[in-house]
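These are the residues of each chain, in order.
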Amino acid sequence: MSTPPHRTGSTNAAPDPRSIDTDDRPFVLVWEVTQACDLACDHCRADAQPARHPRELTTTEGKRLLDQAREFGGGQLVVLSGGDPLARPDLLELVEYGTEIGLRMTLTPSGTSSLTPAVVEDLADAGIRRMALSLDGASAETHDDFRGESGSFQQTVEAAKAARAVGLPLQINTTVCASTAGELPALRDRVSDLDAVLWSVFFLVPVGRGRLLDPVSSERAEEILAWLSEVTEESDFGVKTTEAPHYRRVAIQRRRDASEAPAADDIGRRLGITAGDGFAFVSHTGELYPSGFLPASAGSVRDGTLTERYRDSDLFRSLRDPDALGGKCGACEFRHVCGGSRSRAYAHTGDPTASDPLCAYVPEGYEGPMPPGRAD
Ligand code: SF4
């Protein structure tokens, strides 16, 4: 086996988030290690298939990709996603390799019978730093119905307990759409009961099989985001939204309404990450996308150009410029802290710099067109 170039003296300590310049490196690099998965979930972005794709990155190519990720700097966070990453027989080898060269490796496995306590323990031993599991319903009935697989709820809960038993921090991912929104209060309780450190709440983007689901309306999204802001204040676990960066706008407005002085950087500095700006996604065949929900390619990483493409491609650079946004996002005073979901704008218009149709906010004085795809 070749010697990893960064093995000696490697550190995989988390870098100070305030020190990260997202023009230079992402906070989060997701690698979709495979499209293969035994589940057929209603919302699946990946259009997951039972079998692995013949052009999937090989073990050697995968290690080379991890070497490139290490070029962003020590402690780079890498999320191995799918499909179901457990469908790759070299998964432990990849986790160990990434850990050895100084990456922080995390995993989003599917809740299937393959995810046994023994497998969870092996993953922890290989160096996994966090496990993210999906719960889209608070009961077996609602979750299994959404996932299209009887038994998935129980397997997910058991895997979550196994992760906690070996000291692995746990993240719970939940999809918000018309059919799951009513479950959110009960899901919050589940997240707490499972002792998760983070609840990642994903607002549906119509990509892959997710096109067949109904999103929540922008007014309903506003209510949910305000509620999540309360949950954040009351809970032991953190809450983050995915593909709903206007969560930050809602939080700022809530504080203003309560006459609390906004923090010094409430406006004027981006506080989170969005597609291409602090976030990057490598597909199972090696294409670099700004996110898994924005399948516009900045090119293949098979030729060893991950860092250059993230830093210098026209696509990624435009996504890091809030002043390049169009429509009401471009006219919005919150564009530097929010900027809208670029993935949803792309899904509805084909233009990643267009406005996000999920956001109900209309900037004062804005008289331009409303984004297509608004659900209310
Ligand atoms: S209009 Fe766009 S930039 Fe402004 S809060 Fe809504 S999504 Fe964010």
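The name an unreviewed UniProt entry assigns to the protein chain is TIGR04053 family radical SAM/SPASM domain-containing protein, from the organism Halobellus litoreus.

Student: What exactly am I supposed to notice about the overall build of the protein chain here?
Tutor: Scanning the protein chain from terminus to terminus reveals twelve helices and ten strands. Within the protein chain, the fraction of its 376 residues that count as buried is 47%. The contacts in the protein chain between residues at least 6 apart in sequence include a share of 73% that link residues at least 24 apart.

Student: Where do I start with the site of the ligand in this structure?
Tutor: Residues in close proximity to the ligand total 14 residues, the closest being Cys 329, Cys 332, Cys 338, Gly 340 and Cys 359. Of the residues in the shell around the ligand, the class split is six nonpolar, four polar and four charged.

Student: Help me out: how do you make sense of the pairing of strand β9 (residues 278-282) in this one?
Tutor: Remark: a regular strand shows side chains that alternate across the two faces of the sheet. Most of β9 is tucked away: four of the five residues are buried. Here strand β1 (residues 28-32) pairs with β9 via four bridges, running parallel. Bridged to Val 30 within β9 is Phe 281. As paired elements, strand β8 (residues 274-275) and β9 share two bridges and run parallel to each other. Note on β9: the bridge partner recorded for Thr 274 is Gly 278. Bridging between β9 and strand β10 (residues 288-289) involves two bridges; their strand directions are antiparallel. In the strand pairing of β10, Phe 281 is matched with Tyr 289. Where β9 folds back on β10, the antiparallel hairpin that results is connected by five residues, among which Gly 286 adopts a positive phi of roughly 95°.

Student: Explain unusual backbone geometry to me, please; I cannot follow it from the model alone.
Tutor: Leaving glycine out, the prevailing phi sign among residues is negative, and the prevailing peptide bond configuration is trans. Look at the link from Gly 82 to Gly 83: it is a cis peptide, with omega at 20°. When you line up the elements, Gly 83 lands in the loop between β2 (77-81) and α2 (91-100). Phi angles above zero are rare outside glycine, and Asp 195 is one such case at about 65°. On the secondary structure map, Asp 195 appears in the loop between α6 (184-193) and β6 (198-203). We classify Asp 195 as partly exposed; it has 14 C-beta atoms within 10 Å. Positioned with a positive phi, Glu 243 is a non-glycine residue whose angle comes to about 60°. Within the secondary structure layout, Glu 243 lies in the loop between β7 (238-242) and α8 (246-257). In this structure Glu 243 comes out as buried when scored by C-beta crowding, with 24 C-beta atoms within 10 Å.

Student: Please clarify how the packing of helix α4 (residues 140-147) against helix α5 (residues 152-165) should be interpreted in this entry.
Tutor: Contact pair α4 / α5: the axes reach a minimum separation of 8 Å and the direction vectors enclose 105°. On the basis of the axis angle, α4 is roughly perpendicular to α5. On α5, the residues touching Ala 140, His 143, Asp 144 and Arg 147 of α4 are Ser 152, Phe 153 and Gln 154. Tallied by class, the residues present in the contact of α4 with α5 amount to two nonpolar, three polar and two charged.

Student: What am I meant to see in helix α7 (residues 218-234) here?
Tutor: An α-helix turns once per 3.6 residues; consequently, residues spaced three or four apart project the same way. With 17 residues, α7 should cover 24 Å at 1.5 Å per step; its first-to-last C-alpha distance of 24 Å lies within 8% of that length. For α7, the complete set of buried residues consists of Ser 218, Ala 221, Glu 222, Ile 224, Leu 225 and Leu 228. Buried residues of α7, seen end-on, are gathered within an arc of 165° and therefore sit on one face of the element. α7 presents Glu 219, Glu 230, Glu 233 and Glu 234 as exposed residues on the side facing more than 90 degrees away from its buried surface. Packing partners of the buried residues in α7 comprise β5 (170-176), α6, β6, β7 and α8.

Student: Got a minute to help me understand the environment of Val 231 in this structure?
Tutor: You can see Val 231 is positioned in helix α7. On a C-alpha basis, the gap between Val 231 and Pro 185 in space is 9.4 Å, while along the polypeptide they are 46 residues apart. Excluding its chain neighbours within four sequence positions, the residues that come into contact with Val 231 are Arg 188 and Val 239.

Student: Quick question: what am I supposed to make of helix α12 (residues 342-349) here?
Tutor: Taking burial as the measure, the eight residues of α12 include seven buried ones, the bulk of the element. All buried positions along α12 are accounted for by Arg 342, Ser 343, Arg 344, Ala 345, Tyr 346, Ala 347 and His 348. Next to the buried residues of α12 lie β8 and α10 (314-319). Downstream of α12 by a residue or two, Gly 350 has a phi angle that is positive, lying close to 80°.

Student: I tried to follow the packing of α7 against α8 on my own but got confused; where do I start?
Tutor: To characterise two packed helices, one gives the angle between the axes of the helices and the distance between these axes. Across the interface, α7 lies against α8 with an axial gap of 9 Å and an inter-helix angle of 65°. Here α8 runs roughly perpendicular to α7, going by the angle between their axes. In this structure, α7 meets α8 at a crossing whose hand is right-handed. Residues Glu 222, Leu 225, Ala 226, Leu 228 and Ser 229 of α7 pack against His 246, Tyr 247, Val 250, Ala 251 and Arg 254 of α8. Looking at the contact of α7 with α8 residue by residue, the classes come out as six nonpolar, two polar and two charged.

Student: Honestly, the nonpolar core in this entry has me stumped. Any pointers?
Tutor: Soluble globular proteins tend to pack their nonpolar side chains together in the buried interior. Among the nonpolar cores identified, the biggest contains 90 residues, and Trp 31, Leu 65, Ala 69, Val 78, Leu 80 and Ala 163 are the most heavily contacted of them. When residues no more than four places from it in sequence are discounted, the contact partners of Val 78 are Leu 29, Trp 31, Leu 66, Ala 69, Gly 98, Leu 103, Arg 104 and Met 105.

Student: How should the pairing of strand β4 (residues 130-134) be read in this particular structure?
Tutor: Strand direction decides the pairing type here: strand β3 (residues 104-107) and β4, joined by two bridges, are parallel. When the bridges of β4 are listed, Thr 106 appears paired with Arg 130. Note that the unit made of β3, helix α3 (residues 117-126) and β4 has a crossover that is right-handed. One ladder, built from four bridges, connects β4 with β5; its direction is parallel. Note on β5: the bridge partner recorded for Leu 133 is Ile 172.

Criteria and cut-off values
- Residues numbered from 1 in each chain as written.
- Predicted model: local features only at pLDDT ≥ 70, side-chain atom pairs only at ≥ 80, totals over all residues.
- Helix = DSSP H or I, 4+ residues; strand = E, 2+ residues; numbered from the N terminus.
- Buried ≥ 20, exposed ≤ 12 C-beta atoms within 10 Å, placed from the backbone.
- Contact = placed C-beta atoms within 7 Å.
- Near = placed C-beta within 6 Å.
- Nonpolar A, V, L, I, M, F, W, Y, C, P; charged D, E, K, R; others polar.
- Pairing = 2+ DSSP bridges.
- Axes fitted to C-alpha atoms, helices over the stretch in contact; angles between N-to-C directions.
- Parallel < 35°, antiparallel > 145°, perpendicular 65-115°, else oblique.
- Expected span 1.5 Å × (residues − 1).
- Arc of directions from axis to C-beta.
- Left-handed = near helix turned anticlockwise from the far one by under 90°.
- Core = buried A, V, L, I, M, F, W, Y, C linked by C-beta atoms within 7 Å.
- Right-handed = clockwise from strand over helix to strand, strands pointing away.

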